[in-house]
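Per-entry structural report
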Amino acid sequence: MITANLQHGQNTATVFNYAGQAQLLASLAHVICAQEVSRGDLANWDAAFASLGFNRTIYVENSPQTNDGQVIWYRSAMVKVNATYSHKLSNGFIGFDGSTSVDKSAVAIDATIADKRTLIVDTHLCWSKCADSPADVDTGKSWQRDAQARELNTWIDGLGFNSIVLAGDFDMTPTFPQYSLFANYIDAWKLGLQQGTASAPWSDRNDDGVADMPLGELTTRTHDTRRIDYVFLQGAVGLISIELPDLRQACALVDGQCPAVTQRWGITDDLGVRPSDHNWLRATVALY
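These numbers were taken from a predicted model, which means no experiment stands behind them.

**Looking at the packing of aromatic side chains**
One pass over the full model with this rule turns up 16 aromatic pairs. Between Tyr 179 and Phe 232, the aromatic rings sit 6.5 Å apart at their centres with planes inclined by 55°, giving tilted as the arrangement. In this pair, Tyr 179 sits in the loop between strand S9 (163-169) and strand S10 (186-187) while Phe 232 sits in strand S12 (residues 229-235), placing the two residues 53 residues apart along the sequence. A relative accessible area of 17% places Tyr 179 in the buried class. Taken together, Phe 16, Tyr 18, Trp 45, Phe 49, Phe 54 and Trp 73 form an aromatic cluster joined through their ring pairs.

**Describing the pattern of salt bridges**
Enumeration according to the criterion identifies 11 salt bridges in this entry. Linking Glu 243 and Arg 282 is a salt bridge whose minimum nitrogen-to-oxygen distance equals 3.3 Å. Of this pair, Glu 243 sits in strand S13 (residues 237-243) while Arg 282 is found in strand S14 (residues 281-287), placing the two residues 39 residues apart along the sequence. Notably, a salt bridge pairs Arg 248 with Asp 246, separated by 2.8 Å at the nearest N-O pair. Via salt bridges that share partners, Asp 212, Asp 246 and Arg 248 belong to a single interconnected network.

**Observations concerning the environment of Asp 110**
Counting through the fold element by element, Asp 110 comes out in strand S7 (residues 105-113). Judged by relative accessible area, which is 2%, Asp 110 ranks as buried. Sequence spacing of Asp 110 and Gly 160 is 50 residues, and the spatial spacing of their C-alpha atoms is 11 Å. Ignoring anything within four residues of it in the chain, the contact list for Asp 110 reads Lys 80, Val 81, Asn 82, Ala 83, Tyr 85, Arg 117, Thr 118, Leu 119 and Phe 161. A distance of 2.5 Å separates a polar atom in the side chain of Asp 110 from a polar atom in the side chain of Arg 117.

Criteria and cut-off values
- Residues numbered from 1 in each chain as written.
- Predicted model: local features only at pLDDT ≥ 70, side-chain atom pairs only at ≥ 80, totals over all residues.
- Heavy atoms only, no water.
- Phe/Tyr/Trp six-rings, centres within 6.5 Å; stacked < 30°, edge-to-face > 60°.
- Helix = DSSP H or I, 4+ residues; strand = E, 2+ residues; numbered from the N terminus.
- Buried < 20%, exposed > 50% of the residue type's maximum accessible area, 1.4 Å probe, protein only.
- Salt bridge = Lys/Arg side-chain N within 4 Å of Asp/Glu carboxyl O.
- Contact = heavy atoms within 4.5 Å.
- Polar contact = N/O pair within 3.5 Å; in protein donor to acceptor, adjacent residues only side chain to side chain.

Right, dumping it as structure tokens:
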């Protein structure tokens with residue numbers, strides 16, 4: 001499976017490429033937990049995914065103002081969906097600017113895969129604008145993100161599954177207060193590092209003798225300079241491997257930069273156009 005923030009279909013060259021995202025994701029996983037999906041653009045992704053043997057769940061919108069939401073696409077030959085669930089994590093939450101909606105939500109599937117049953121949840125918690133103040137953006141202090149995380153946990157617990165895969169863009173680092181609210185889950189990336197099954201097989205495009213993506217609990221980047229996208233495991237599910245693949249397109253560097261990249265963070269992730277502004281996280285799990 002893979003968790004992927006799709007940035008409304010836009011890559012880091014600010015080009016919209018729905019079919020390209022779909023083709024790449026379908027080559028990587030059987031279950032795709034996607035965030036930042038726009039309702040009006042669903043048809044563009046759906047056509048590409050359908051041609052590749054994928055179906056999708058219902059769409060759940062975070063806020064009409066932000067025009068984004070969550071959806072799960074799944075390979076119909078591999079995954080049987082018994083039921084689909086959706087849930088609003090907040091209603092009426094406004095960012096510290098006093099005007100931006102920071103409401104978020106989650107979608108989930110009761111899935112049978114190889115005769116094993118599990119709940120797969122796809123979510124997105126509120127971003128930096130929901131910090132308690134601009135000064136709290138880097139510390140992660142946010143009563144609204146706290147409330148969304150608690151609501152997410154309460155909702156999942158109420159569904160009553162003993163095997164859970166929870167994935168998405170949590171907009172929190174492992175040092176943020178909200179991370180502790182998921183202590184009843186296993187952080188698959190952290191477990192993979194402990195087991196030696198986590199990998200970030202990135203090339204060395206700046207020729208400094210070091211792979212362009214560091215491998216660590218805090219140093220591996222899923223967005224800008226932070227690890228904020230997760231796969232969490234609970235109950236009768238185990239981790240086989242977890243990977244942050246290098247999805248940058250080949251690029252002839254000019255003065256140490258890829259000219260095609262217009263969304264830049266000043267890090268080696270920029271040395272090639274990526275399919276989104278997030279690096280996607282792929283996990284292979286075992287259901288028991």
